[in-house]
Amino acid sequence: MRILLYNPDNGVTRNFMPHLWMFLLQALTPPGHEVVLIDGNAQPMDEESIARYVREQNVGLVGIGAMTRMIAKAYRMADAVRAVGVKVVMGGPHVTEMADEALGRDGGSRHADAVALGEADETWPRIVEDAVRGTLKDIYAPVDDFGQERKPSLQSYPEIPWDKIKLDQFNLLPGILHPLLKRVGAGWGTFRIIPVESGRGCPYGCEFCTVTGFFGDSIRFRTNESVVNELLLLKARAREEGGQIAVFFIDDNFAINVKRTKSLLRDIIAANAQVHWVAQISANLLRDEELVDLIAAAGGKWIFIGMESIDPANLADVKKGFNKPGEYAVVLERLAQRNVFAITSFIFGMDNDTPGVAERTLKEIRSWPPGLPIFGLMTPLPATPLYKKLEAAGRLTRPKHWQEFIPFAMAHTPLKMSIDEAHTEVRKGWISSYNPEAIERAVDSLNHKPLGYRINIFIARLCFRGIYFPQMGRFAWLKTILENRRTILKLIRQGFGGGLHAAVPSVATEPVTEQTD
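Since the model is a prediction, treat every value here as computed from it, not as a measurement.

**Some remarks on the overall build of the protein**
(1) Moving on: Along the backbone of the protein there are 20 helices and 14 strands.
(2) Moving on: Against the compact-globule benchmark of 24 Å for 517 residues, the protein has a radius of gyration of 22 Å, which places it among compact chains.
(3) Moving on: Along the longest, intermediate and shortest principal axes, the C-alpha atoms of the protein span 65 × 55 × 45 Å.
(4) Moving on: Per-residue burial over the protein gives 59% buried out of 517 residues.
(5) Moving on: Long-range pairs, those at least 24 residues apart, make up 74% of the contacts in the protein between residues at least 6 apart in sequence.
(6) Moving on: Roughly 20,400 Å² of accessible area belongs to the protein as shown, and the carbon and sulfur atoms make up 52% of that amount.

**Here's the deal with the sheet that holds strand β12 (residues 300–308)**
(1) Moving on: On the basis of which strands lie adjacent, the open sheet formed by six strands has the order β7-β10-β11-β12-β13-β14 and parallel pairing. Edge positions in the sheet fall to β7 (191–196) and β14 (372–377), since each of these pairs with one other strand and no more. The average angle at which neighbouring strand axes cross in this sheet is 20 degrees, direction not considered.
(2) Moving on: Across six bridges, β7 lies against strand β10 (residues 244–249) in parallel orientation.

**Quick notes on the nonpolar core**
(1) Moving on: Within the largest apolar cluster, 159 residues are counted, with the highest numbers of intra-cluster contacts made by M90, W277, I305 and W430.
(2) Moving on: It is helix α18 (residues 451–465) that contributes the most residues to this core, ten residues altogether.
(3) Moving on: Not counting residues up to four positions away in its chain, the partners in contact with I305 are I281, A283, L286, V331, L332, L335, A342, I343, T344 and S345.

**Observations regarding the pattern of salt bridges**
(1) Moving on: Counting across every chain of the model gives 39 salt bridges.
(2) Moving on: With its nearest N and O atoms 3.2 Å apart, the salt bridge here joins D113 to R82. With D113 in the loop between α5 (99–102) and β5 (114–116) and R82 in helix α3 (residues 71–83), this residue pair connects regions lying 31 residues apart in the sequence.
(3) Moving on: Taking relative accessible area as the criterion, D113 reaches 13% and is therefore assigned buried.
(4) Moving on: With its nearest N and O atoms 3.3 Å apart, the salt bridge here joins K164 to D163.
(5) Moving on: Taking the relative accessible area as the measure of exposure, K164 reaches 64% and is therefore exposed.
(6) Moving on: By sharing partners, the salt bridges in this structure join E119, D121, E149, K151, E197, R200 and R220 into a single network.

So, how was this worked out
Residues numbered from 1 in each chain as written. Predicted model: local features only at pLDDT ≥ 70, side-chain atom pairs only at ≥ 80, totals over all residues. Heavy atoms only, no water. Helix = DSSP H or I, 4+ residues; strand = E, 2+ residues; numbered from the N terminus. Rg over C-alpha atoms; globule rule 2.2 N^0.38 Å. Buried < 20%, exposed > 50% of the residue type's maximum accessible area, 1.4 Å probe, protein only. Contact = heavy atoms within 4.5 Å. Areas by Shrake-Rupley, 256 points an atom, 1.4 Å probe, with all protein chains shown as cover. Pairing = 2+ DSSP bridges. Axes fitted to C-alpha atoms, helices over the stretch in contact; angles between N-to-C directions. Core = buried A, V, L, I, M, F, W, Y, C linked by side-chain atoms within 4.5 Å. Salt bridge = Lys/Arg side-chain N within 4 Å of Asp/Glu carboxyl O.

Structure, rendered in structure tokens:
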């Protein structure tokens, strides 16, 4: 049977790396089946084109995975596939919590023939076998013999054949930047960011987050050997292709067990398996000087930190009091001293926020080493404690906001500002951080560093501005580059004037966290 695994885009934000779930399920598919992967961010499709594709390619089963921000598109695509008689199974955080919605049991239309709840490592092979026999069940859940939910161990992790998978669609860099990057050194014709996981689960239970509900609070890890071997495979591919590959560790908190993380980093260093990588780590864990030393030595270049707010009252309110705003500057300086920089995430529209929160936050950001700030709105995602609290209080303005996805639009009323005021604060954060003048200031702030670091922050800022500002097509990219031509020309002059021999630290990517939808 030919199987299509499809990940939808949300029509607004282009993600800059493929989604791991597709590659993982491909590796877990029983022998004898052909699995085709399409990521809507890299290969745009509409309902008509996916229906035509599955019909012409004789696809027998389509698997669709989506987070809440993508679910409206996912449902439309699933409907189009089912309309031509092909079975659809859906999975991911949203349908795990809203299975009745996907199956049409809530009074709406049915979008899926089957749903996979939670982690599908164990259920996926069974789903494929049932699809072949024509006996698909409505719901597949990972449960033990006693009917209790079972989380898969990661000790026997499937090998993903990164050396054989076609990755052409995931080349990150616009062609217009190739001449500049060739000055850095050989091997910059391609640049890809590859998702890798070393563990799953998070014990923190932040009020707005879907992670604990989906992956649980029990932390599970792959073996160090398994992770190291995957990095070596990716490193070898990059060398053979004469291109660049970086890794995004998609663990929701890469250093949640500091002892284990140090062990993994030491093994990466010992095996010479370093590639440039990005990971998500909470600020409180970065107090550890030895951990930060190992991060830098093992190839870490960017750390995503969910700071959320500079207001301790806000953090306590959403059960994230382990974040200490007074420590932010020290943590970021500690990273920067080792040439590791931060992606700092903030949420506006929290209950203690008032008009002016963007400028107060920006004032703090300007005092820190240059990084990649991102701004979002407090979003009540289905089944989270936040959603339940707001629903009980009657504060939801769009209870099923995911059915009509509107980017950067609130679905509830904040306590101390209006919805429009919250939207204005987010827009100010983005404009102030990603206009051409701000990008130039960030680049110039690294004049004391080798040119590679300035190119790094420049490319990263260009990519990250696309999270908020439309930047999905070639015309939008060309416009962005023209607006930043002053900085580009400056970097080119510096490159030709001083020569470039040091490799550019890797560009980061948009973090795959639900709350930043």
